[in-house]
Structures are given as C-alpha cells and as structure tokens.
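# Observations on the model geometry
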Amino acid sequence: MRIQATDERHYLVEVFTKFGFNQDDSQLLADTLVDADLRGISSHGIQRLAWYRRMIKEGTIIPQNKAKIIRELPGSVLVDANQNMGQLATVLATQKIIEKAKKTGGGNCCYSQFESLRHRWLLYKISVRSWIGRSCPY
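Residues numbered from 1 in each chain as written. Predicted model: local features only at pLDDT ≥ 70, side-chain atom pairs only at ≥ 80, totals over all residues. Heavy atoms only, no water.

Next up on the list: the environment of Met55. In this fold, Met55 is placed in helix 3 (residues 49-58). Considering only alpha carbons, one finds Met55 and Gln83, 28 residues apart in sequence, at a separation of 10.0 Å. (Helix = DSSP H or I, 4+ residues; strand = E, 2+ residues; numbered from the N terminus.)

The topology assignment puts Asp80 in strand 2 (residues 76-84). No salt bridge forms around the buried Asp80; measuring N to O, its nearest opposite-charge neighbour Lys68 is 4.7 Å away. In this structure the side chain of Asp80 is engaged in a polar contact, spanning 2.6 Å, whose partner is the backbone nitrogen of Asn82. (Buried < 20%, exposed > 50% of the residue type's maximum accessible area, 1.4 Å probe, protein only. Lys, Arg positive; Asp, Glu negative; His and termini not counted. Salt bridge = Lys/Arg side-chain N within 4 Å of Asp/Glu carboxyl O. Polar contact = N/O pair within 3.5 Å; in protein donor to acceptor, adjacent residues only side chain to side chain.)

With that settled, consider the packing of aromatic side chains. Summed over all chains, the structure comprises 4 aromatic pairs. A connected cluster of aromatic rings, assembled from ring pairs, spans Phe16, Phe19, Phe21, Trp51 and Tyr52. (Phe/Tyr/Trp six-rings, centres within 6.5 Å; stacked < 30°, edge-to-face > 60°.)

Time to look at the packing of helix 1 (residues 5-19) against helix 2 (residues 23-38). Two numbers describe how helix 1 lies on helix 2: the axes approach to 8 Å, and their chain directions differ by 140°. Taken as axis vectors, helix 1 and helix 2 run oblique relative to one another. As helix 1 runs across helix 2, the sense of the crossing is right-handed. On helix 2, the residues touching Ala5, Glu8, Arg9, Leu12, Val13, Phe16 and Thr17 of helix 1 are Gln23, Ser26, Gln27, Leu29, Ala30, Asp31, Leu33, Val34, Asp37 and Leu38. (Axes fitted to C-alpha atoms, helices over the stretch in contact; angles between N-to-C directions. Parallel < 35°, antiparallel > 145°, perpendicular 65-115°, else oblique. Left-handed = near helix turned anticlockwise from the far one by under 90°. Contact = heavy atoms within 4.5 Å.)

Quick look at the pattern of salt bridges now. Tallying each qualifying case throughout the model produces 7 salt bridges. Among the ionic pairs, Arg9 bridges to Asp31, the shortest N-O distance being 2.7 Å. Residue Arg9 is located in helix 1, and its partner Asp31 is located in helix 2; the two are separated by 22 residues in the primary sequence. By relative accessible area, Asp31 is classed as partly exposed at 26%. Among the ionic pairs, Arg39 bridges to Asp35, the shortest N-O distance being 3.8 Å. Here the residues in one salt-bridge network are Glu72, Lys96, Glu99 and Lys100, joined through shared partners.

Here helix 4 (residues 86-104) contains 19 residues, and its C-alpha end-to-end distance of 26 Å stays within 8% of the 27 Å for a straight helix at 1.5 Å per residue. Positioned one or two residues after helix 4, Gly105 has a phi angle of 95°, which is positive. (Expected span 1.5 Å × (residues − 1).)

Here we come to the environment of Thr104. Turning to its location among the elements, Thr104 is positioned in helix 4. For Thr104 and Pro74, which are 30 residues apart along the polypeptide, the C-alpha to C-alpha distance reads 7.3 Å. Leave out the neighbours within four places in its chain, and Thr104 touches Pro74 and Gly75.

Below is the structure:
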C-alpha cells in the first residue's frame, strides 16, 4: 500500500499526540518516521508505531518526561533521555554540541536511558553543514 508522505506525517502527529507527546515532539517524531520510510528504511518508519505504543503502555517510554543534561564540559555533554524517545534526546544533545562547537571547534555527546541508539542520523541531519561532533552510548 502506498500513501503520501504528508498523509503519513499528519496521521503520525495525531497518533503521537494521543500517546501523550506535546505537539512539537509529535511533529519531530512523525518527521523521523516518515524520513526513515522515504529513505527506504522501513524498520525505522511507521512500522515502529506498535512497538512505541507497547513501550508507552508498559511505562518504558514516558511521553511527558523531558530529556535532561546530566553533565557538561567545555567540549562535551551527557544527555539522559529520561525514559523518553531517543529522537528527542538527540535534538537536545545536538543543540548543545553545536553551541560547544562554536566555542571550541568540536563537541561530543553521550546518551543514556532511551529506547534506541539508532538516532545518530538525526545528529547528522541537524548539523549537516559541518562536522561538529560524535555520539556514543553511555
């Protein structure tokens, strides 16, 4: 079955909002799944929805939690996803290392406490103009 990317995105925003994510987070999550589908990586696209629903129902993911910074140094940051989605923690970490890269010339980020470490591509997508950092599991 084929659907338009815009239709998939609208549907996913609605679903993520019903799961308890705020509008901005729902939009980002929808964008990441649609992007995966458009790139032909269906394993990280809309088919993850049932898995995300199950993890929310089981309390593994808590949509109202926000990622938080655990530790910062001049060229690095440690981000705890706080039982939320990896995409959301990745955005926080990327914003912080971009700030650091502007001051130090580079940056590193590490993550903990989220459902997947497969969101490094988002780091690349946000910082596509120049290499500014790397990510690693904590």
